[in-house]
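For reference, the chains in residue letters:
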Amino acid sequence: MSDSVIDSGEKVCKEIDDAISGNVVSAAVYGTDINSKPKKGMDCNLVLVLDRIDEETLIAIDRVIRGSGFPCSTSPLLVETSEIEGMMDSVPVSFLNILVSYHTVYGRSIFKGLSSINHEHLRAQTEQFLREELFEARRILYSLFSSEEEMVCGIERMRALLRGSIQLYYILSKPWLTSDAERRDAFFEDFGIGDALLKRYYEGDLEALSKNDLRKLGLSIIHNGIKPVLKRVDEMGPQQ
């Protein structure tokens, strides 16, 4: 299969809508690899916004996805339209994950119903999400100091946490920045990042780095990346 995840998502969502008689209001693929060619275990998934979710609908969706060869998760995120309309003051963490990287492949924009969301509520939940990202990054970092196995994989996970944190920050602060490259460049400029190791290995091959440099990079991801981003989001909120 040579199609991208986005191409595959468009096809499968059209099949799903045909199978459930026009019940699909919106659909999007999301994840860091949605622009890539399909491959086993890639970071992508599907979210479907439906007018109703009943037993017949679930059976039909499952049948289409399993028979389609769709390269992402076989368990899509399912949301009813009325639930989208109720998110004005409480955006689930799942939707913050989607905001990082998504592409609408069917129907109207999945976040159209969130256009009037209270900015402070979204900021507060983004702050909470980033605090969880910080805790997870530090847990991974600890494993790099306690064990030398799978160090490159651990740093790759930490870089993904940093990129996600940066993307969420700019969704709040500069929503006109829409590409990963724009947000990356803005991050290094806006935050005055001078760490040469982090700049060089924000992306790219980690295999050439020594164990010591990998650990230094992990520390920099937290102290020069995730923590400053979290601090900025915190400062955007109400002051005591």
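Right above here is the structure, for reference.
Conventions we followed
Residues numbered from 1 in each chain as written. Predicted model: local features only at pLDDT ≥ 70, side-chain atom pairs only at ≥ 80, totals over all residues. Heavy atoms only, no water. Helix = DSSP H or I, 4+ residues; strand = E, 2+ residues; numbered from the N terminus. Buried < 20%, exposed > 50% of the residue type's maximum accessible area, 1.4 Å probe, protein only. Contact = heavy atoms within 4.5 Å. Areas by Shrake-Rupley, 256 points an atom, 1.4 Å probe, with all protein chains shown as cover. 1 Å grid on protein atoms, 1.4 Å probe; cavity = no way out; pocket = protein on both sides within 12 Å on 5 of 7 lines; lining within 4 Å. Points joined across faces, edges and corners; volume = space filled by probe spheres on them. Nonpolar A, V, L, I, M, F, W, Y, C, P; charged D, E, K, R; others polar. Expected span 1.5 Å × (residues − 1). Arc of directions from axis to C-beta. Phe/Tyr/Trp six-rings, centres within 6.5 Å; stacked < 30°, edge-to-face > 60°. Lys NZ or Arg CZ within 6 Å of the ring centre and 35° of its normal.

Caption draft 1: Spatial organisation of the overall build of the chain. Helix and strand counts for the chain come out as nine helices and four strands. Reading the chain from its N terminus to its C terminus gives the helix and strand order α-β-β-α-β-α-α-β-α-α-α-α-α. A buried classification covers 45% of the 240 residues belonging to the chain. Looking at the chain alone, contacts between residues at least 24 apart form 72% of all its contacts between residues at least 6 apart. In the structure as shown, the chain presents an accessible area of about 12400 Å², 48% of it carried by carbon and sulfur atoms.

Caption draft 2: Seen up close, empty space enclosed by the protein. Across all of its chains, the model carries one cavity of 30 Å³ or more by this definition. Of the pockets and cavities examined, the largest cavity occupies roughly 60 Å³. Lining of the largest cavity is provided by Arg-163, Ile-166, Gln-167, Asp-180, Arg-183, Arg-184, Tyr-202 and Glu-203. Of all the secondary-structure elements, those providing two or more residues to the lining of the largest cavity are helix H6 (151–173) and helix H7 (180–190). Of the residues assigned to the lining of the largest cavity, the class counts are two nonpolar, one polar and five charged.

Caption draft 3: Representation of helix H2 (residues 55–68). With 14 residues, H2 should cover 20 Å at 1.5 Å per step; its first-to-last C-alpha distance of 20 Å lies within 8% of that length. Of the positions making up H2, those classed as buried are Thr-57, Ala-60, Ile-61, Val-64 and Ile-65. The buried residues of H2 all sit within an arc of 125 degrees when viewed along its axis, so they share a single face. Residues Glu-55, Glu-56, Arg-63, Arg-66 and Gly-67 are exposed on H2 and point more than 90 degrees away from its buried face. Structurally, H2 contributes buried residues whose contacts are with helix H1 (5–19), strand S2 (45–50) and strand S3 (77–80).

Caption draft 4: Here's a closer look at the packing of aromatic side chains. Evaluated as defined, the whole model comprises five aromatic pairs. Measuring from centroid to centroid gives 5.4 Å for Tyr-169 and Phe-191, while their planes differ by 70 degrees, and the two rings are edge-to-face. Here the residue Tyr-169 occupies a position in helix H6, and Phe-191 occupies one in the loop between H7 and helix H8 (196–201), the gap between them amounting to 22 residues. With relative accessibility at 8%, the residue Tyr-169 sits in the buried group. By relative accessible area, Phe-191 is classed as buried at 14%. Ring plane angle 75 degrees and centroid distance 5.6 Å describe the contact between Phe-188 and Tyr-202, whose orientation is recorded as edge-to-face. In this pair, Phe-188 is assigned in helix H7 and Tyr-202 in the loop between H8 and helix H9 (211–235), connecting sequence segments 14 residues apart. Under the relative-accessibility criterion, Phe-188 is labelled buried at 14%. Residue classification places Tyr-202 among the buried positions, given a relative accessible area of 6%. Seen from the ring of Tyr-202, Arg-163 lies directly overhead, with NZ or CZ sitting 6.0 Å from the centre. One Lys or Arg, Arg-232, reaches over the ring of Phe-191 and ends 4.0 Å from the middle of that ring.

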